[in-house]
Amino acid sequence: METLTQLFTILLSTIKDVMPIIAIIFGFQLLVIRRPIPHLKRVLFGFVYVVVGLALFLLGLDKALFPIGELMAQQLTDPDFIRGSVMSADEALHWSDYYWVYIFAFAIGASTTIAEPSLIAVAIKANEVSGGAIGVWGLRLAVALGVAVGISLGTWRIVTGYPIHWFIISGYIFVVIQTFFAPKLIVPLAYDSGGVTTSTVTVPLVAALGLGLASTVPGRSALIDGFGLIAFASLFPMITVMGYAQITEMVAARDKRKREREDTLIKE
Amino acid sequence: MSNVFVALGRSMVGSVRDLLPIVVVIAFFQLVVLQQPVPDLVGLLTGLLCVVAGLTFFIYGLEMGLFPIGQVLAHAFARKGSLFWLLLFAFSLGFGTTVAEPALIAVAAEAATVAAEGGMIEATDSAKSNYASGLRYTVAFSVGLAIVVGVIRILKGWPIHYMIAIGYIMVIIMTGFAPREIIGIAYDSGGVTTSTITVPLVTALGVGLASSIEGRNPMIDGFGLIAFASLTPMIFVMAYGMVI
């Protein structure tokens, strides 16, 4: 019964989130475009599916994943756990003692990105538009790797306390330079994948990890250092997606050269 | 009708596969690293069931509703040929979907707390809520502007990387002048503004526009709207921190 009321509340708030979108779309449709929408019934059913799906998804995350994930983030960042049984309480912690935090950050970053609905949407679209040249899974795995690296680097930054803008600025410079070497077709998609990675699933878990870490590491302020993990998670996918395209292109070029060489050998 | 069930069943299998990594990671850390029992197993399983069903419905509805409507609107605007209405639509879509975004509301509230702690505003509830809603409208405006700029780029066929590079340079310069407390939040706000429903819609709009205008490649020109929408909030949030 409690679950049902919760589902109802979440459903209402999802509808509230979707209302402005629906109002804008249908407002412009009726007032400006003034043309009937093809397959209107199907489209409306699609919207119902999206809203119900999103509500169920959020309810499930709230019930199953977020409580345990957030608890886990707190436990892993707890100084008592990090000291383990080897170190005494007054010994200062070195950044390398936080290794489980980095591993957790990597694993949770990659796995939540795989489940991120908006990334799935963009991957489906990119696969369709590129005529299958960009694989749905290739893109999703590349983005997941980027988020994983980004978040674990971000947790390391919180532990060490280096200023965030050093990392972000060098990341940007890297992205801009890499752009000139990456295949032209992938660039816009790579830029987009920075923004789509972090939504429903990743943000709450990652925020819990950042806040947990910033409030337990000595000398960090939860308010100032707890933020910034999302920024890392949106930066690195650009690098990995362009890298993925570069590697695919290199492999394809090598195969082509190899085939051409074999062809000439056969001819001779 | 049976087709619907076959399709739903197939995407259900996909959803289970999509969620498996999270379950494995959490189980491993809970049982092996932290060595704690799993609390409330029944709640956990029903929750996971909801997540799988929800993801399945979402993906299914995406291809039925969100993608087609984005495409149809893009084609209709391209055929109508009215720049004003297209840009107004682009702005409304960006502004309207962002201003009510729950993640943004949460970030704005956090930012107000930080600002109060840093002594930038008074530590009263009304000052904080003014600050938070001002920030929210600023970000929503910046996303609306981003979609407008992105749509103009698609129409003109400008290369994206120069524009993004200029945006980055602006972010870097602003970082030098913005109050230190706001920087982390500003960087994060770029990532949180684009919600699960906005992304497919905006992507379909961009790709639809690029494919209905002659001489545009949907792959090169169609993508990139989300990139703009995650860049401008950083600039505007830092500007907001500097002005207030």
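Everything here concerns the structure above.
In what follows, the accompanying structure is described. (Residues numbered from 1 in each chain as written. Chains lettered and ligands numbered in written order. Predicted model: local features only at pLDDT ≥ 70, side-chain atom pairs only at ≥ 80, totals over all residues. Heavy atoms only, no water.)

Brief notes about the overall build of chain A
Moving on, step 1. Within chain A, the secondary structure is distributed over 11 helices and 0 strands.
Moving on, step 2. Starting at the N terminus and ending at the C terminus, chain A contains elements arranged as α-α-α-α-α-α-α-α-α-α-α.
Moving on, step 3. Dimensions of chain A, computed from the C-alpha atoms along their principal axes, are close to 70 × 70 × 30 Å.
Moving on, step 4. A buried classification covers 53% of the 268 residues belonging to chain A.
Moving on, step 5. If you take every contact in chain A between residues at least 6 apart in sequence, the share linking residues at least 24 apart comes to 79%.
Moving on, step 6. As presented, chain A carries roughly 12,200 Å² of accessible surface, and 67% of it is formed by carbon and sulfur atoms. (Helix = DSSP H or I, 4+ residues; strand = E, 2+ residues; numbered from the N terminus. Buried < 20%, exposed > 50% of the residue type's maximum accessible area, 1.4 Å probe, protein only. Contact = heavy atoms within 4.5 Å. Areas by Shrake-Rupley, 256 points an atom, 1.4 Å probe, with all protein chains shown as cover.)

Considerations on helix H7 (residues 164-181) of chain A
Moving on, step 1. In this model H7(A) runs 27 Å from its N-terminal to its C-terminal C-alpha over 18 residues, within 8% of the 26 Å that 1.5 Å per residue would give.
Moving on, step 2. Within the span of H7(A), buried status applies to A:Ile164, A:Phe167, A:Ile168, A:Ile169, A:Gly171, A:Tyr172, A:Val175, A:Gln178 and A:Thr179.
Moving on, step 3. Buried residues belonging to H7(A) abut helix H6 (136-160), helix H8 (187-196) and helix H11 (229-267) of chain A together with helix H6 (160-177), helix H7 (180-192) and helix H10 (225-243) of chain B. (Expected span 1.5 Å × (residues − 1).)

Some points on the layout of surface pockets
Moving on, step 1. For the largest pocket, the calculated volume is near 940 Å³.
Moving on, step 2. Elements that contribute at least two residues to the lining of the largest pocket include exactly helix H1 (2-33), helix H2 (40-77), helix H9 (202-216) and H11 of chain A together with helix H3 (83-99), helix H4 (102-117) and H7 of chain B.
Moving on, step 3. A total of 7 residues in the lining of the largest pocket trace back to one element, the largest contributor, which is H1(A).
Moving on, step 4. The calculated volume of the second largest pocket comes to roughly 380 Å³.
Moving on, step 5. Among the secondary structure elements, those contributing two or more residues to the lining of the second largest pocket are helix H5 (117-129) and H6 of chain A together with helix H1 (2-33) and helix H2 (41-80) of chain B.
Moving on, step 6. The dominant element in the lining of the second largest pocket, judged by the number of residues it contributes, is H1(B), at 7 residues.
Moving on, step 7. Taken together, the residues that form the lining of the second largest pocket break down as 8 nonpolar, 3 polar and 6 charged. (1 Å grid on protein atoms, 1.4 Å probe; cavity = no way out; pocket = protein on both sides within 12 Å on 5 of 7 lines; lining within 4 Å. Points joined across faces, edges and corners; volume = space filled by probe spheres on them. Nonpolar A, V, L, I, M, F, W, Y, C, P; charged D, E, K, R; others polar.)

Some remarks on the environment of B:Ile22
Moving on, step 1. Within the secondary structure, B:Ile22 sits in helix H1.
Moving on, step 2. B:Ile22 sits in the buried class, given a relative accessible area of 0%.

Structural notes on the interface of chain B and chain A
Moving on, step 1. Facing the 94 residues of chain B at the interface are 90 residues of chain A.
Moving on, step 2. Buried surface at the junction of chain B and chain A, both sides included, amounts to about 8,300 Å², of which 81% is carbon and sulfur.
Moving on, step 3. Sorting the residues of chain B by area buried against chain A places B:Met64, B:Tyr168 and B:Met219 first, and these three jointly supply 8% of that buried surface.
Moving on, step 4. Scanning the region where chain B abuts chain A turns up 1 salt bridge.
Moving on, step 5. One salt bridge connects B:Asp18 with A:Arg140, and the closest N-O pair in it is separated by 2.8 Å.
Moving on, step 6. Taken together, chain B and chain A are joined by 9 residue pairs in polar contact (both at pLDDT 80 or more).
Moving on, step 7. A total of 30 residues in the side of chain B that touches chain A trace back to one element, the largest contributor, which is H2(B).
Moving on, step 8. Partitioning the side of chain B that touches chain A into residue classes produces 62 nonpolar, 22 polar and 10 charged. (Buried area = accessible area lost by both parts, 1.4 Å probe. Salt bridge = Lys/Arg side-chain N within 4 Å of Asp/Glu carboxyl O. Polar contact = N/O pair within 3.5 Å; in protein donor to acceptor, adjacent residues only side chain to side chain.)

Re the packing of aromatic side chains
Moving on, step 1. Following the criterion strictly, the structure yields 23 aromatic pairs over all chains and no others.
Moving on, step 2. When the centroid spacing of 5.1 Å and the interplanar angle of 85° are considered together, the rings of A:Tyr49 and B:Tyr60 count as edge-to-face. Pair noted here: A:Tyr49 is in helix H2 and B:Tyr60 is in helix H2, and the two residues belong to different chains.
Moving on, step 3. Through a chain of ring-to-ring contacts, the aromatic side chains of A:Trp156, A:Tyr162, A:Trp166, A:Phe167, A:Phe232 and A:Phe236 assemble into a single cluster.
Moving on, step 4. Across from the ring centre of B:Phe67, 4.5 Å away, lies the NZ or CZ of A:Lys125, which sits over that ring. (Phe/Tyr/Trp six-rings, centres within 6.5 Å; stacked < 30°, edge-to-face > 60°. Lys NZ or Arg CZ within 6 Å of the ring centre and 35° of its normal.)

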